[in-house]
Amino acid sequence: MTGCLDENAILEWLEGRLPATRIAEHEAHVAGCPSCRALVATLAEAGIVEDDPAAMMVAPTLPNGEPVDSDDLASSAVDDGELLPSLPPEFELLGFLGAGGMGRVFLAEDRQLQRKVALKLIHPRLLSDDGSLQRLLLEARATARLAHPHIVTIYRVGEHAGAPYLALEYLDGQTLRQLLERASRPLDPEKIAELALAIAEALEHAHGQGVLHRDLKPDNIMVPVDGRLRVLDFGLSSLVAD
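Attention here is on the structure that accompanies the text.

Reading the values: the criteria
- Every chain is numbered independently, its residues counted from 1 as its sequence is written.
- A pLDDT threshold of at least 70 governs which residues receive local features in this predicted model, and a stricter bar of 80 or more applies before side-chain atom pairs are shown or counted, although totals over entire chains, interfaces and linings include all residues.
- Computation of side-chain values covers all heavy atoms of the structure but excludes hydrogens and water.
- Numbered from the N terminus, helices here are DSSP runs of H or I no shorter than four residues, and strands are runs of E no shorter than two.
- Relative accessibility thresholds used throughout: buried, under 20% of the residue-type maximum; exposed, over 50%; partly exposed, between the two (1.4 Å probe, protein chains only).
- Note on contacts: a residue pair is in contact if any heavy atoms of the two residues lie within 4.5 Å.
- Calculation of accessible area relied on Shrake-Rupley with a 1.4 Å probe; when residues are assessed, cover is drawn exclusively from the protein chains displayed.
- How far a helix is expected to stretch is found by multiplying one less than its residue total by 1.5 Å.
- Here the arc refers to the directions that run from the helix axis out to each C-beta atom.
- Each reported salt bridge corresponds to a side-chain nitrogen of Lys or Arg within 4 Å of a carboxyl oxygen of Asp or Glu.
- Pairs of strands are assigned from DSSP output, requiring at least two bridges between the strands.

What follows is about the overall build of the protein chain. Assigned secondary structure in the protein chain consists of 7 helices and 10 strands. Out of the 242 residues belonging to the protein chain, those deemed buried represent 43%. Excluding contacts between residues fewer than 6 apart, the proportion of contacts in the protein chain whose partners are at least 24 apart in sequence is 55%. Only carbon and sulfur atoms are counted for the fraction: they give 50% of the accessible area of the protein chain, which is about 12,800 Å².

Between its terminal C-alpha atoms helix α5 (residues 130-144) stretches 21 Å, which fits the 21 Å expected from 15 residues at 1.5 Å a residue. When we look at burial in α5, the residues that qualify are Ser-132, Leu-136, Glu-139, Ala-140, Ala-142 and Thr-143.

Attention now moves to helix α7 (residues 189-208). Because an α-helix packs 3.6 residues into every turn, residues spaced three or four apart end up facing the same way. Across its 20 residues, α7 extends 28 Å between first and last C-alpha, which sits within 8% of the 28 Å expected from 1.5 Å per residue. Where α7 is concerned, the buried positions are Leu-195, Ala-198, Ile-199, Ala-202, Leu-203, His-205 and Ala-206. Projection of α7 onto a plane perpendicular to its axis shows the buried side chains occupying an angular sector of 160 degrees, all on one side. Facing away from the buried side of α7 by more than 90 degrees, the exposed set consists of Pro-189, Glu-190, Glu-204 and Gly-208. Elements that come into contact with the buried residues of α7 comprise α6 (176-182), β7 (211-212), β8 (221-224) and β9 (230-231).

Side chains bearing opposite charge may pair, as long as their charged atoms lie close to each other. Across all of its chains, the model carries 9 salt bridges by this definition. Between Asp-110 and Arg-156 there is a salt bridge; the shortest N-O distance is 3.1 Å. Taken together, the residues span a long stretch of sequence, with Asp-110 in strand β2 (residues 103-110) and Arg-156 in strand β4 (residues 154-160) at a distance of 46 residues. On the accessibility criterion, Asp-110 (3% relative accessible area) is buried. Put simply, Arg-177 and Asp-219 hold a salt bridge, and the shortest N to O gap is 2.8 Å. Of this pair, Arg-177 sits in helix α6 while Asp-219 sits in the loop between β7 and β8, placing them 42 residues apart in sequence. Classification of Arg-177 by relative accessible area gives partly exposed; the value is 26%. Three or more residues joined by partner-sharing salt bridges are found here, namely Glu-90, Asp-110 and Arg-156.

In this sheet, strand β3 (residues 115-122) lies alongside β2 in antiparallel orientation, the contact comprising 8 bridges. Following the sheet pairing, Asp-110 is matched in β3 by Arg-115. What sits between β2 and β3 in their antiparallel hairpin is a turn of 4 residues, with Gln-114 showing a positive phi close to 55 degrees.

Such coordinate-based values are descriptive only and should not be taken to indicate function.
Quick look at the structure:
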């Protein structure tokens, strides 16, 4: 994205009315833009938004301490060691995949297994927030219960430098929202039925294992290049007692 956000763009971001990729772009931009953080603070003081998420954001910096351009933060590339988070030694950082309310997701390589993973790292500002930590743990427990072709696979849960992380199956593709928004014409009925059946089968399996997703939406459904749909993000799920 280019340029600063206006009031309407900030409201759309804070109210969750944007695709996941746009939310990541907005969060990255505000994190590195003092003007936009000031506008969010003004809206919060005026009562237009309930709180001030920008006040919790720390402008990202490079290893040499210089500020990171906000557009670079939202890009998928990580070059020459820029934007490097503190990763567990068993992973090699390859790129930036996206950002959300709890943290950021990076493309990494598992050095031992020699496969790509999506590494979800909680934001440092949330390490003292029990709710965010519990949500990440809940996502790990819920996903670990499930083994289904249409549900993302979790490979590893761990902690590094005092921060928890999840290593998930890396899916190269687009979300269902992106697929629908980018389609030049409505999807064929056969394709719609195929996607709906895959989602239903994934939820049936999850329910059978005592997991209720509770946040199913196009942003949490991935359609990878391999064509096999996956349901993602069980961070708000409910685990039913066995």
